[in-house]
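# Remarks on the overall topology
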Amino acid sequence: MMSGGQQVIVLNQNTKRESGRKVQLGNAAAAKAIADVIRTCLGPRSMLKMLMDPMGGIVMTNDGNAILREIMVEHPAAKSMIEIARTQDEEVGDGTTSVIILAGEMLAVAAPFLEQQVHPTVVIGAFRQALEDLLDVLRDKVSVKVDVTNRDEMLKIIKSCVGTKFIKKWSDLACQIALDATATVSLEDGDRREIDIKRYAKVEKIPGGAIEDSEVLKGVMFNKDVTHPKMKRRIESPRILLLDCSLEYKKGESQTNIEISKEEDFGQILAMEEEYIQQICSDIIAVKPDLVITEKGVSDLAQHFLVKAGISVIRRVRKTDNNRIARAVGATVINRTDEIKDEDIGNGCGLFEIRKFGDEYFTFLEKCTDPKACTILLRGASKDILNEVERNLQDAMNVARNVMIDGRLVAGGGACEMALAQALNEKAKSITGVQQWPYRAVARALEVIPRTLIQNCGASIIRTLTALRVCITLTECITLTERIALIALCVSVTLTSLRVCITLTECIALIALRVSVTLTALRVCITLTECIALIALRVSVTLTALRVCITLTECIALTALRAKHAVENNLTWGIDGDTGSIVDMNEYGVWEAFSVKAQTFKTAIETAILLLKIDDIVSGTKKQGGGGGGGQEGGDQ
């Protein structure tokens, strides 16, 4: 409205606008909804999702990126959440499910502050500070170095990734395949190491056989056969020539017309074509190759000349396959036959063979001396199983690549997140003002990973994490007998401790929250009853902790895990995703790549910050017909 009362229309009447807190809370709700879709896909006891695409195809997977890629959503914040799964997959190749769950939880813990009229910039500032502190702690205190040349250690790391996938039943085989393939394509140039899995580690899926028949070839294979039935199908130690030009008479770029005025001219044209083909075949025969592979076509006349020379030919190979062959056999891809030199021939292959699987013929170039490219041959019962195994193997290879490039690890099973949450809670004590509470909220949000692991394994959550939180500095102050007694008491809360609580509410809070037992208090405990009473009375109940606990079971579980991480340098205690029990990941052998975790935290928190900055959504509906209107036609703007 203007001062004179006249209404001014700025936006097109077909445009819908939402602004203010409603938008921010809506974004948080949409992000939480997307996270809830794939929450059950985290951990070794994860569930699969069955998705149908518009063409009727079926996808069965627990890979976060693959699931969200098939889901059609309308809300713009939900689309942003799907985008971050793709970004995570392209950047580090793993952690797509974790990043979605964590981003959704970050926005969920921010929502109460928005409802209490805390300005979004305050929340954003606290989130940014928490992200910086979190990455520093992760790099300096939580991560550990690993020897990437130790094969056993590398297999343990990859097994942690495979353990949450469909192929965990064949985890030993999958780990061997992933590590062998990644090590094969690794290329070192001084201090620089390049590992290009996407281009040079190709997965070939052939339905039939068993998964145990899968292997990494010391070379490459592709779905092609020789062009002439009389060409050799098996050659040992072949000389291989790779071409990027056609072995046929050149044609015009578009439609070409030739006018012939005399009968002899047609014969002259045929002679010129034959002469050209004979010339390029002579150039090839001169370097004495055993096998010629070209990306273009091969004419019948060229096949005739090459068969007479005892040379096998494979045509119309994809450029990506040709590049992999070049790296595997040590050849150079040639664009012109008159430029072929003897050093361009590949001599690194030990065996060329054509094999038949079902109705298809496959070319194998195996037993290469120093291959820098490889093919993973997958066998399985059906295409659906093979597709899921391929997705799992890609994640495993990416983990191996990440560790080879940056040889640092963090403990898995939620231990890393709990250690960071403990560090942020300690750091929050030095922060003054309103920013302290959003800062603490980041620590709460990190606990969603161990909490989800406990939920998904279907174990008794109450008795697992309680044991972790309640065990505090027992190493120096108590004898072995007292330590065992205290841990036993804290795990199973007896009726004596419950009687101390005046009401049921106090009882739930007592079980749920941190137990702070000092060395002096522990020495005062003379009898078992006094010990229980002291632990019960020292509980500090806070509103923040109550909000974290969705159910009583989760509350007790997370309390135990927090207490375990309250001990200095106790950074590797986490959740066994199979049983739900509390284990030391250092002994259990579950580790994750530092680069994957760091990217997960950065992507999740930065996405939450981005969505919190939005206070206006303007969407337009497509107008029927053309012309008119002051607004812009089209879809969402």
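Scroll up a little and you will see the structure.
In short, a report on the structure. (Residues numbered from 1 in each chain as written. Predicted model: local features only at pLDDT ≥ 70, side-chain atom pairs only at ≥ 80, totals over all residues. Heavy atoms only, no water.)

This part covers the sheet that holds strand E12 (residues 291–294). The strand order E13-E12-E11-E14 describes an open sheet built from four strands, whose pairing is parallel. Here the strands that pair on one side only, and so sit at the sheet edges, are strand E13 (312–314) and strand E14 (333–334). For strand E11 (residues 240–243) and E14, the ladder comprises two bridges, and the chain directions are parallel. Bridged to Leu243 within E14 is Ile334. (Pairing = 2+ DSSP bridges. Helix = DSSP H or I, 4+ residues; strand = E, 2+ residues; numbered from the N terminus.)

This brings us to the pattern of salt bridges. Counting across every chain of the model gives 34 salt bridges. Put simply, Asp36 and Lys32 hold a salt bridge, and the shortest N to O gap is 3.6 Å. Residue Asp36 and its partner Lys32 are both found in helix H1 (residues 21–38); the two are separated by four residues, about one turn of the helix. Exposure remark for Asp36: the relative accessible area of 39% places this residue in the partly exposed category. Using a relative accessible area of 26% as the deciding quantity, one classes Lys32 as partly exposed. Here Arg336 and Glu339 are joined by a salt bridge, their closest N and O atoms 3.7 Å apart. Given a relative accessible area of 44%, Arg336 falls into the partly exposed group. (Salt bridge = Lys/Arg side-chain N within 4 Å of Asp/Glu carboxyl O. Buried < 20%, exposed > 50% of the residue type's maximum accessible area, 1.4 Å probe, protein only.)

With 85 residues, the main nonpolar core has Leu243, Leu247, Ile293 and Leu365 as its most contacted residues. Not counting the four nearest positions on each side in its chain, Leu247 is found in contact with Ile277, Ile280, Ile284, Val292, Gly297, Val298, Ser299, Ala302, Leu306 and Thr337. Counting residues in hydrophobic clusters, the runner-up holds 74 residues, among them Val99, Phe127, Ala130 and Leu135. (Core = buried A, V, L, I, M, F, W, Y, C linked by side-chain atoms within 4.5 Å. Contact = heavy atoms within 4.5 Å.)

What the rule picks out here adds up to four aromatic pairs. Ring centres 6.1 Å apart and planes at 40° place the aromatic pair Phe357 and Phe364 in the tilted group. Members of the aromatic cluster, connected to one another through ring pairs, are Phe357, Phe362 and Phe364. The lysine or arginine in question, Arg233, covers the ring of Tyr361, its NZ or CZ lying 5.2 Å from the ring centre. Cation over ring: Arg408 sits above Phe594, and NZ or CZ is 4.1 Å from the ring centre. (Phe/Tyr/Trp six-rings, centres within 6.5 Å; stacked < 30°, edge-to-face > 60°. Lys NZ or Arg CZ within 6 Å of the ring centre and 35° of its normal.)

So, about helix H25 (residues 594–612). For H25, built from 19 residues, the straight-helix expectation of 27 Å at 1.5 Å per residue is met to within 8% by its first-to-last C-alpha distance of 27 Å. Counting buried residues in H25 gives 16 out of 19 residues, a clear majority hidden from the surface. (Expected span 1.5 Å × (residues − 1).)

Here we take up the environment of Thr294. Within the secondary structure, Thr294 is located in strand E12. By relative accessible area, which is 0% here, Thr294 ends up buried. Taking the C-alpha atoms as reference points, Thr294 and Val317, separated by 23 residues in sequence, lie 6.3 Å from one another. With residues near it in sequence (within four places) discarded, Thr294 still touches Leu243, Cys245, Ile314, Arg315, Arg316 and Val317.

Attention shifts here to the sheet that holds strand E15 (residues 351–357). Taken together, four strands build an open sheet; the order of strands is E9-E16-E15-E10 and the sheet is antiparallel. Strands at the two margins of the open sheet, each flanked by one partner only, are strand E9 (220–222) and strand E10 (234–236). Across the sheet, the mean angle from the axis of one strand to that of its neighbour is 25°, orientation sign disregarded. By the bridge criterion, three bridges tie E9 to strand E16 (residues 360–366) in an arrangement that is antiparallel. Its bridge partner being in E16, Met221 is matched across the sheet by Phe364. Against the sheet, helix H11 (residues 319–329) engages E9 and E16, with an angle of about 155° to E9. (Axes fitted to C-alpha atoms, helices over the stretch in contact; angles between N-to-C directions.)

Before going further, it helps to spend a moment on empty space enclosed by the protein. With a probe scaled to a water molecule rolled over the atoms, the places where space remains empty come into view. All chains considered together, the criterion is met by three cavities of 30 Å³ or more. Size it by volume and the second largest cavity reaches roughly 60 Å³. Forming the walls of the second largest cavity are Ile167, Trp170, Leu173, Ala174, Ile177, Ile211, Ser214, Leu378, Val389 and Leu393. Within the residue set of the lining of the second largest cavity, elements represented by two or more residues are helix H7 (171–185) and helix H12 (383–405). Top element by residues in the lining of the second largest cavity is H7. It accounts for three residues. Of the residues in the lining of the second largest cavity, the class split is nine nonpolar, one polar and no charged. (1 Å grid on protein atoms, 1.4 Å probe; cavity = no way out; pocket = protein on both sides within 12 Å on 5 of 7 lines; lining within 4 Å. Points joined across faces, edges and corners; volume = space filled by probe spheres on them. Nonpolar A, V, L, I, M, F, W, Y, C, P; charged D, E, K, R; others polar.)

Locating Ala419 in the fold gives a position in helix H13 (residues 415–428). In the structure, Ala419 is positioned 24 residues away from Ala443 in sequence and 9.6 Å away in space, judged by C-alpha atoms. Other than its neighbours up to four places away in sequence, Ala419 contacts Val142, His565 and Leu571.

This part is about helix H4 (residues 96–115). Taking 1.5 Å per residue, 20 residues should reach 28 Å; H4 reaches 29 Å between its end C-alpha atoms and fits that length. With 17 of 20 residues buried, H4 lies mostly within the body of the structure. Remark: Gln117 follows H4 within two positions and exhibits a positive phi of approximately 65°.

Glancing now at the environment of Ala331. Residue placement: Ala331 occurs in the loop between H11 and E14. Of the residues examined, Ala331 reaches a relative accessible area of 10% and is grouped as buried. Measuring from C-alpha to C-alpha, the distance between Ala331 and Glu343 comes to 7.9 Å, with 12 residues separating the pair along the chain. Ignoring sequence-local partners within four residues, the contact set of Ala331 consists of Ile240, Leu242, Ala326, Asp344, Ile345 and Gly346.

A surface patch of nonpolar side chains, amounting to about 390 Å² of accessible area, comprises Ile258, Ile260, Phe266 and Leu270. For Ile260, the position within the fold is in the loop between E11 and helix H9 (263–286). (Patch = residues over 30% accessible without salt bridge, like charges linked within 9 Å, V, L, I, M, F, W, Y side chains within 5 Å. Areas by Shrake-Rupley, 256 points an atom, 1.4 Å probe, with all protein chains shown as cover.)

Another aspect to go through is the pairing of strand E5 (residues 186–189). Inspection of the sheet shows E5 paired to strand E6 (residues 192–195) by four bridges, in the antiparallel sense. Bridging across to E6, Leu187 finds its partner in Glu194.

This paragraph deals with the side chain of Ser214. Checked against the element boundaries, Ser214 lands in the loop between strand E7 (201–207) and strand E8 (215–217). Here the side chain of Ser214 touches Arg379 through a polar contact of 3.1 Å, landing on its backbone nitrogen. In contact with Ser214, other than residues within four places in its own chain, are Leu173, Ile177, Leu377, Leu378 and Arg379. (Polar contact = N/O pair within 3.5 Å; in protein donor to acceptor, adjacent residues only side chain to side chain.)

Moving on, we come to the packing of helix H3 (residues 76–91) against H25. Relative orientation and spacing of two packed helices are given, respectively, by the angle between their axes and the distance between those axes. One can describe the packing of H3 onto H25 by two numbers: an axis separation of 11 Å at closest approach and a directional angle of 160°. Between H3 and H25, the crossing angle belongs to the class labelled roughly antiparallel. As H3 packs across H25, the resulting crossing turns out to be right-handed. For the pair H3 and H25, contact is made by Ala77, Ser80, Met81, Ile84, Gln88 and Glu91 and by Val596, Gln599, Thr600, Thr603, Thr607 and Leu611, respectively. The class makeup of the residues in the contact of H3 with H25 is five nonpolar, six polar and one charged. (Parallel < 35°, antiparallel > 145°, perpendicular 65-115°, else oblique. Left-handed = near helix turned anticlockwise from the far one by under 90°.)

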